[in-house]
Amino acid sequence: MSCWPRTALDAVIVDLDGTMVDTLGDFVQALQRMLADLPEPFHTFTVHQDLVEKMVGKGSEHLIKSLLAHIDSAQAAMESVALYESAWAAYQRHYVEVNGLYSKVYPGVVRGLDAWKQQGLKMVCVTNKPTAFAKTLLADKGLAGYFSLVVGGDAVERKKPDPMPLLFACEQMDVVPARTLMVGDSSNDAQAARAAGCPVLLVSYGYNHGQPVHAVDADAVVDSLADFRWA
Ligand SMILES: O=C(O)COP(=O)(O)O
Ligand SMILES: [Mg+2]
């Protein structure tokens, strides 16, 4: 259970993948189709959801590189630039096709967002997903209207766990980090929040690199955004 005094917060920053939308299915599909465009041994590798769950969260570049290295680290290292460039281009192409089709909004998300909106809190989405993919997904899932801004992984120079995207979001909302709650699902979100000086609330159901989220330094953990309560 989380309890913040209403007077303590002016804004909320909400993470996307693993917090609002379960997107593992989209990632699996895009990665599987990307591999089909690459030579062996990548071509025939089968992508499983539990593998992707451990690799997701640090942006598309990291996800693609982690998967290629997992399949064949020696070859991935040897052909790194050319292999990565064709993988990246294929991934972008396929992700556009699958974005939102194999994903769903987690239970409690709409209730949680509605409650914050009704309280008049400013709301921004900060995700490591590329901005264009994030905006399309939020619109597709009926969540775009909650956010005055979407800061994707390509919007500023550094991604979470760096505090830069959170500080940028606070600047844009004209709020101070200490009065801005970061809501996320992983240590990336928590570390970025701590470094920016934001309080942090984590959800228990997302992707924390395959690690238990309760071990992460956070102010509170909830099983659903609908469980958020004011003190
Ligand atoms: O694309 C990713 O790496 C996931 O992004 P998010 O958890 O920051 O939304
Ligand atoms: Mg996330």
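The structure displayed is predicted, hence computed values, not measured ones.

1. Let's talk about the coordination of the magnesium ion (ligand 2)
Moving on, step 1. Those protein atoms acting as donors to the magnesium ion (ligand 2) are Asp15 (OD), Asp17 (O) and Asp185 (OD), and they sit at 2.2 Å.
Moving on, step 2. Mapping the donors of the magnesium ion (ligand 2) onto the primary sequence gives the spacing D-x1-D-x167-D.
Moving on, step 3. Given a relative accessible area of 4%, Asp15 falls into the buried group.
Moving on, step 4. For Asp17, a relative accessible area of 11% translates into the label buried.

2. Considering the pattern of salt bridges
Moving on, step 1. The full count for this structure, using the stated rule, is 12 salt bridges.
Moving on, step 2. Between Arg93 and Asp37 there is a salt bridge; the shortest N-O distance is 2.8 Å. In this pair, Arg93 is assigned in helix H5 (residues 80–98) and Asp37 in the loop between helix H1 (24–36) and helix H2 (49–55), connecting sequence segments 56 residues apart.
Moving on, step 3. For Arg93, a relative accessible area of 46% corresponds to the partly exposed category.
Moving on, step 4. Residue Asp37 is classed as partly exposed on the basis of its relative accessible area of 43%.
Moving on, step 5. Here Arg158 and Asp162 are joined by a salt bridge, their closest N and O atoms 2.8 Å apart.
Moving on, step 6. Each of Asp15, Lys160 and Asp189 takes part in a single network of salt bridges with overlapping partners.

Calculation criteria
Residues numbered from 1 in each chain as written. Chains lettered and ligands numbered in written order. Predicted model: local features only at pLDDT ≥ 70, side-chain atom pairs only at ≥ 80, totals over all residues. Heavy atoms only, no water. Donors = N, O, S within 2.8 Å, 3.2 Å for Na, K, Ca; no water. Buried < 20%, exposed > 50% of the residue type's maximum accessible area, 1.4 Å probe, protein only. Salt bridge = Lys/Arg side-chain N within 4 Å of Asp/Glu carboxyl O. Helix = DSSP H or I, 4+ residues; strand = E, 2+ residues; numbered from the N terminus.

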